[in-house]
Amino acid sequence: MGTRFDLAIVGAGIVGLAHALAAARRGLRVVVVDRDPRACSASVQNFGFVTITGQEPGVTRERAMRSRDVWAEVAPEAGIAILQRGALVVSRRRESRELLAAFAAAPDGEGCEFYDAVHARRRWPMLATGLEGALLSPHELRVEPREALPKLAAWLAERHGVEFHWGLSAGMVEPGALVHAQGRIEADAIVVAAGAALRALAPALARRVNYRACRLQMMRTASQPPSFRLDHVLMSDLSLVRYGGFARMRPAKALRARLEAEVPSALAGGVNLIVAQGADGSLVVGDSHHYDEAIEPFASESVDALILDEMDAVLDVPRPGITEHWVGVYPVADVTPLLREALADRVMAVSVTSGTGMSTAFAIGEETVSGLFGPSA
Ligand SMILES: Cc1cc2nc3c(=O)[nH]c(=O)nc-3n(C[C@H](O)[C@H](O)[C@H](O)COP(=O)(O)OP(=O)(O)OC[C@H]3O[C@@H](n4cnc5c(N)ncnc54)[C@H](O)[C@@H]3O)c2cc1C
């Protein structure tokens, strides 16, 4: 390891890989270290849902649009399948119908179409009866993260010459070097993209920004019959009070009040129904949100039941068997949606603190690399 690199990155999650891509595209010499033998953290625990509609307007939405374009460029080159396109947000209540119709007519609703209940069920017969309508957004992409992340890393190594050191934990970062148990890696600049583990490398920063963990429960179902095909990722009323781009619409207040009266446990558990479908027909179903300083591994059966109840209410399919349960973790902080701060001269900590890293990381990587090495030509 005698080489001197232009950029050393701690963490091979999507944020680390996005910085590696932005730097390698400029011809810089890049090294990435990850303490795990392959990515196992938030970047493979998620839905792989690159979301635009519903993102907070302004910088987050702009980053999501740029990152979606980078996913679309990189996926075919790296052999990553795009499994679904677009989002279908289903309304169960009059208030959510009003919100979705208003969103479709607003500037951020550009390209989106609102369907009333009759037309929605005609187009998507698998939707449950009794729904009020649906919004179709064409902007999204979905990849299977547990396949996409290893493929992206392998492609960065082969196509762009990025050097990876797996199973190597950075113990300390300092100007010009990343220090690990067997020595040091010298680099002109360092990016710490350690996700929820940032606290260990930058404890003072973590304390100052109140860095903590959001824990999400996720499930995968048995394969659905070939006749059941979700072309778009599905969401429902509960998403409309969580996603900033929806929650800022005027009808959101009345929707929240109704949800508080009708489904207080789902709101308290931060349940936000997202249903995606894998190439094998299985469904990835989630999620919930619990916040704590420590990362507890325990998943609650009652929270899973709340998520599945919401799925039952929007999809006309028998409740499928569950083949996998997992708990995912992403960091949150008082600085949001992104924590990007210098830890020392040319040593940057970069952490997505809003659970939107799959949607925004490629743009974030380009911004950080421009900040460190100057605007690209
Ligand atoms: C259940 C769930 C669902 C989600 N759904 C979505 C979604 O649909 N769309 C979306 O946009 N976002 C979603 N997110 C958020 C998204 O997954 C995260 O924002 C993103 O993955 C963060 O990427 P990261 O690279 O910062 O962190 P991570 O993926 O956590 O990567 C950090 C890496 O750093 C490594 N590391 C840590 N410390 C060290 C060290 N000292 N030395 C070496 N390596 C180290 C770790 O091993 C890890 O591989 C979801 C998150 C979860 C948990």
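This structure is a prediction, so every number in the text was calculated from the model and none was measured.

Draft legend 1. Summary view of the site of the ligand. Neighbouring the ligand are 34 residues, the closest being D34, S43, F49, A170 and S359. The side chain of S43 places a nitrogen or oxygen atom 2.5 Å from an oxygen atom of the ligand. In this structure, A170 approaches the ligand through a main-chain N or O atom, which is 2.8 Å from a nitrogen atom. For the ligand, whose unbound accessible area comes to 1000 Å², protein coverage reaches 96%. Going through the elements one at a time, α1 (14–24), β2 (30–34), α2 (42–45), β11 (212–221), β16 (322–332) and α14 (357–373) are the ones with two or more residues in the shell around the ligand.

Draft legend 2. Spatial organisation of the layout of surface pockets. Counted as a void, the second largest pocket has a volume near 150 Å³. Together, A22, R25, R26, R66, E366, V369, S370 and S376 line the second largest pocket. It is α14 that contributes the most residues to the lining of the second largest pocket, three residues altogether. Here the residues of the lining of the second largest pocket sort into two nonpolar, two polar and four charged.

Draft legend 3. Region of the structure containing the pattern of salt bridges. With the rule as written, the count across this model stands at 28 salt bridges. Notably, a salt bridge pairs R93 with D237, separated by 2.9 Å at the nearest N-O pair. Of the two residues, R93 is situated in the loop between β4 (84–91) and α4 (94–105) and D237 in helix α9 (residues 237–240); the sequence distance between them amounts to 144 residues. By the burial criterion, R93 is buried, and D237 matches it. When the shortest N-O distance is used, the salt bridge between E132 and R97 registers 2.6 Å.

Draft legend 4. Local environment of the packing of aromatic side chains. Tallied over the entire structure, the rule returns four aromatic pairs. Directly above the ring of W326 sits R146, whose terminal nitrogen or CZ lies 5.3 Å from the centroid. Sitting over the face of the ring of F373, R346 holds its NZ or CZ atom 5.2 Å from the ring centroid.

Draft legend 5. Expanded view of the nonpolar core. In this structure, L127, F246, V275 and L315 are the most contacted members of the largest nonpolar core, which totals 53 residues. No other element matches helix α13 (residues 301–314), which puts five residues into this core. Judged by nonpolar contacts, the second largest core, of 47 residues, contains V74, A78, F362 and V369.

Draft legend 6. Representation of unusual backbone geometry in the model. Of note, the amide linkage connecting G286 to D287 takes the cis form, showing an omega dihedral of -5°. Relative to the assigned elements, D287 resides in the loop between β14 (283–286) and β15 (290–292). Residue P337 follows T336 across a cis peptide bond; omega there is 10°. Tracing the backbone shows P337 in the loop between β16 and β17 (338–344). Unlike most non-glycine residues, N210 shows phi in positive territory, near 60°. One non-glycine residue with positive phi stands out, namely R346, at about 60°. Turning to its location among the elements, R346 is positioned in the loop between β17 and β18 (347–352). What makes R346 partly exposed here is its relative accessible area of 25%.

Conventions and cut-offs
- Residues numbered from 1 in each chain as written.
- Predicted model: local features only at pLDDT ≥ 70, side-chain atom pairs only at ≥ 80, totals over all residues.
- Heavy atoms only, no water.
- Near = heavy atom within 4 Å.
- Polar contact = N/O pair within 3.5 Å; in protein donor to acceptor, adjacent residues only side chain to side chain.
- Areas by Shrake-Rupley, 256 points an atom, 1.4 Å probe, with all protein chains shown as cover.
- Helix = DSSP H or I, 4+ residues; strand = E, 2+ residues; numbered from the N terminus.
- 1 Å grid on protein atoms, 1.4 Å probe; cavity = no way out; pocket = protein on both sides within 12 Å on 5 of 7 lines; lining within 4 Å.
- Points joined across faces, edges and corners; volume = space filled by probe spheres on them.
- Nonpolar A, V, L, I, M, F, W, Y, C, P; charged D, E, K, R; others polar.
- Salt bridge = Lys/Arg side-chain N within 4 Å of Asp/Glu carboxyl O.
- Buried < 20%, exposed > 50% of the residue type's maximum accessible area, 1.4 Å probe, protein only.
- Phe/Tyr/Trp six-rings, centres within 6.5 Å; stacked < 30°, edge-to-face > 60°.
- Lys NZ or Arg CZ within 6 Å of the ring centre and 35° of its normal.
- Core = buried A, V, L, I, M, F, W, Y, C linked by side-chain atoms within 4.5 Å.

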